[in-house]
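Secondary and tertiary structure notes
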Amino acid sequence: MTKGGDIFDQLNARSREVFRRVVEGYLESGEPVGSRSLTRTLSEKVSAATVRNVMQDLEYLGLLDSPHISAGRVPTQMGLRMFVDGLLEVRDLDLSDREKLDATLASNTEDVGGLLDRVGSALSGMTQGASLVLTPKHEAPIKHIEFVSLGHDRALVVLVFADGHVENRLFAPPPGQTPSSMREAANFLNALIEGKTLSELRTVIAAEISKRRQEIDSLAQALVESGLAVWDDDANQPERLIVRGRANLLASDGQAGELDHIRSLFDDLERKRDIAEFLELTESGEGVRIFIGSENKLFSLSGSSLVVSPYMNADRKIIGAVGVIGPTRLNYGRIVPIVDYTAQLVGKLISDRS
């Protein structure tokens, strides 16, 4: 981004305008922009040959590319980044978009998961891209824990929270577990959980096991320790990442190879890979961030762009994120305020319910 900024500072007014017109034309149509069409829109009356020379200079600088011989130009990834950082005009949120988002979150009868699912559907519908909504971890105090055997290699841990929320999580128990060791493990944990959240419980259990090693059977101890790895593991909480609108990308025009990359991206998302990394994209600060193409490895193969913003709880702690994925020629000026406003709405919703 620094390189792009240095190049931008070196451009004269004509080169900047040609560059801006090429990018805006490409974002609007998805097609290469030619010199003849540019001469009709430039503020300065110049010949098509002059415009072609400017475009060749911009291509030499790495800001534009020519996909076909004798065709117009399209922005490169570096060019798009420079445009987004220095020339993008983010407009105010359209009133119709605001009303749709407000209506999506107007109902207080559903649980948070149901409302966030509706948010994802609304985002994908409004932007014609695919939406990602990372839901917050459940951080209410735990009321009760129980282990249930489902076979020699499968068990269920049932977590009952003080607010009435219940989670059931599958995991592979250590070999040799018996009904009595499961009861002992549950009793051990239930004696510790009063008023504690899952993350708080995790920090005290290791010390308690060490302190009370003589009081707990080795099988029960192994069960507690293996359960901890499951409880605090995002990969075992597939409901945390809501993906909606993947058909919008699969239906977009593109070569077969590009569609294969997009399918690969969404196969990964459906299997809930890189959820933690998705959240980390937003943890460096507040506000909307834009990732273009290979700037984020999760989307580098698909050549997609991600517009993402964190949302926060009442304590101003980042607890989740909302975002929109689409082709690199996204309408950034419209989508940025949509994502920003959605994140603010979701944060308020979570804060009001906490």
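Coordinates for the structure precede this section.
As a starting point, this report considers the structure included with it. (Residues numbered from 1 in each chain as written. Predicted model: local features only at pLDDT ≥ 70, side-chain atom pairs only at ≥ 80, totals over all residues. Heavy atoms only, no water.)

Moving on: the overall build of the protein chain. Along its length, the protein chain carries 14 helices and 10 strands. Looking at the protein chain residue by residue over its 354 residues, the buried ones come to 46%. Long-range contacts, defined as pairs at least 24 residues apart, comprise 61% of the intrachain contacts of the protein chain with a sequence gap of at least 6. For the protein chain, the accessible surface area stands at approximately 17700 Å², while carbon and sulfur atoms represent 48% of it. (Helix = DSSP H or I, 4+ residues; strand = E, 2+ residues; numbered from the N terminus. Buried < 20%, exposed > 50% of the residue type's maximum accessible area, 1.4 Å probe, protein only. Contact = heavy atoms within 4.5 Å. Areas by Shrake-Rupley, 256 points an atom, 1.4 Å probe, with all protein chains shown as cover.)

Here we take up helix α8 (residues 179–190). Over its 12 residues, α8 runs 16 Å from end to end, which matches the ideal 16 Å to within 8%, given 1.5 Å per residue. Taken together, the buried positions of α8 are Ser181, Met182, Ala185, Ala186, Phe188 and Leu189. The arc enclosing the buried residues of α8, seen along the axis, measures out at 160 degrees, which places them on a common side. Across α8 from its buried face, at more than 90 degrees, point the exposed residues Pro179, Arg183 and Asn187. (Expected span 1.5 Å × (residues − 1). Arc of directions from axis to C-beta.)

Turning our attention to the packing of aromatic side chains. One pass over the full model with this rule turns up zero aromatic pairs. Looking at Arg98, its charged tip hangs above the ring of Tyr341, at a distance of 4.7 Å from the centre. (Phe/Tyr/Trp six-rings, centres within 6.5 Å; stacked < 30°, edge-to-face > 60°. Lys NZ or Arg CZ within 6 Å of the ring centre and 35° of its normal.)

Counting 55 residues, the largest nonpolar core has Phe19 and Tyr332 as its most contacted members. Counting residues per element, this core draws most heavily on helix α14 (residues 332–353), at 11 residues. Residues contacting Tyr332, with those up to four places away along its chain left out, are Leu27, Val84, Leu88, Ile290, Ile292, Ser305, Val307, Pro327 and Pro337. Counting residues in hydrophobic clusters, the runner-up holds 23 residues, among them Val157, Leu192, Leu201 and Ile209. (Core = buried A, V, L, I, M, F, W, Y, C linked by side-chain atoms within 4.5 Å.)

This next bit is on the pattern of salt bridges. Counted by the stated rule, this structure contains eight salt bridges. Linking Arg20 and Glu24 is a salt bridge whose minimum nitrogen-to-oxygen distance equals 3.4 Å. Residue Arg20 and its partner Glu24 are located together in helix α2 (residues 13–29), separated by four residues, close to a single helical turn. With a closest N to O distance of 3.0 Å, Arg81 and Asp85 form a salt bridge. One end of the pair is Arg81 and the other is Asp85, both in helix α5 (residues 77–86) and four residues apart, which spans about a single turn. (Salt bridge = Lys/Arg side-chain N within 4 Å of Asp/Glu carboxyl O.)

Two elements in contact, helix α6 (residues 95–104) and helix α7 (residues 112–127), have axes separated by 9 Å at closest approach and are oriented at 160 degrees. On the basis of their axis angle, the class for α6 and α7 is roughly antiparallel. The two elements α6 and α7 cross, and the hand of that crossing is right-handed. Facing Asp97, Lys100, Leu101, Ala103 and Thr104 of α6, the residues of α7 in contact are Leu115, Arg118, Val119, Ala122 and Met126. (Axes fitted to C-alpha atoms, helices over the stretch in contact; angles between N-to-C directions. Parallel < 35°, antiparallel > 145°, perpendicular 65-115°, else oblique. Left-handed = near helix turned anticlockwise from the far one by under 90°.)

Here we take up the sheet that holds strand β5 (residues 154–161). Backbone-to-backbone hydrogen bonds pair the strands of a sheet. The strands run either parallel or antiparallel. Read from one edge to the other, the open sheet built from three strands follows the order β4-β5-β6, with strand pairing classed as antiparallel. A single partner strand is all that each edge strand has here, and the edge strands are β4 (142–151) and β6 (166–171). Neighbouring strand axes in the sheet, compared pairwise and without regard to direction, differ in orientation by 20 degrees on average. As judged from the eight bridges shared by β4 and β5, these two strands associate in the antiparallel manner. Of the residues in β5, the one forming a bridge with Ile142 is Phe161. The strands that α8 touches are β4 and β5; relative to β4, the one it contacts most, it runs at about 165 degrees. (Pairing = 2+ DSSP bridges.)

A separate point is the packing of α7 against α14. Running from N to C, α7 and α14 point in directions that differ by 170 degrees, and their axes come no closer than 12 Å. One finds that α7 runs roughly antiparallel with respect to α14. Of α14, the residues touching α7 (which contributes Val112, Leu115, Leu116, Val119, Leu123, Met126 and Thr127) are Arg334, Ile335, Ile338, Thr342, Val346, Leu349, Ile350 and Arg353. A breakdown of the residues in the contact of α7 with α14 according to their chemical character gives 11 nonpolar, two polar and two charged. (Nonpolar A, V, L, I, M, F, W, Y, C, P; charged D, E, K, R; others polar.)

What follows is about the sheet that holds strand β9 (residues 304–312). If you trace the five strands from one edge of the open sheet to the other, you get β7-β3-β10-β9-β8, paired in antiparallel fashion. Only two strands of the sheet have a single partner each, and these edge strands are β7 (241–244) and β8 (289–292). For this sheet the average axis-to-axis angle between neighbouring strands, irrespective of direction, equals 15 degrees. Where strand β3 (residues 130–134) lies against strand β10 (residues 318–327), five bridges are found, and the strand directions are antiparallel.

So, about the environment of Arg98. Looking at where Arg98 falls in the secondary structure, it is placed in helix α6. Distance from Arg98 to Thr342, taken between C-alpha atoms, is 8.9 Å for residues 244 residues apart in sequence. When neighbours within four sequence positions are excluded, Arg98 is seen to be in contact with Leu93 and Tyr341.

Before going further, it helps to spend a moment on the side chain of Thr104. For Thr104, the position within the fold is in helix α6. Excluding its chain neighbours within four sequence positions, the residues that come into contact with Thr104 are Leu115, Arg118, Val119 and Ala122.

Comment: phi is negative for the bulk of residues other than glycine, and the bulk of peptide bonds are trans. Even without being glycine, Gln128 reaches a positive phi, approximately 60 degrees. Looking at the secondary structure, you find Gln128 in the loop between α7 and β3. If you check the backbone angles, Arg316 has positive phi at about 60 degrees while not being a glycine. Within the element layout of this structure, Arg316 appears in the loop between β9 and β10.

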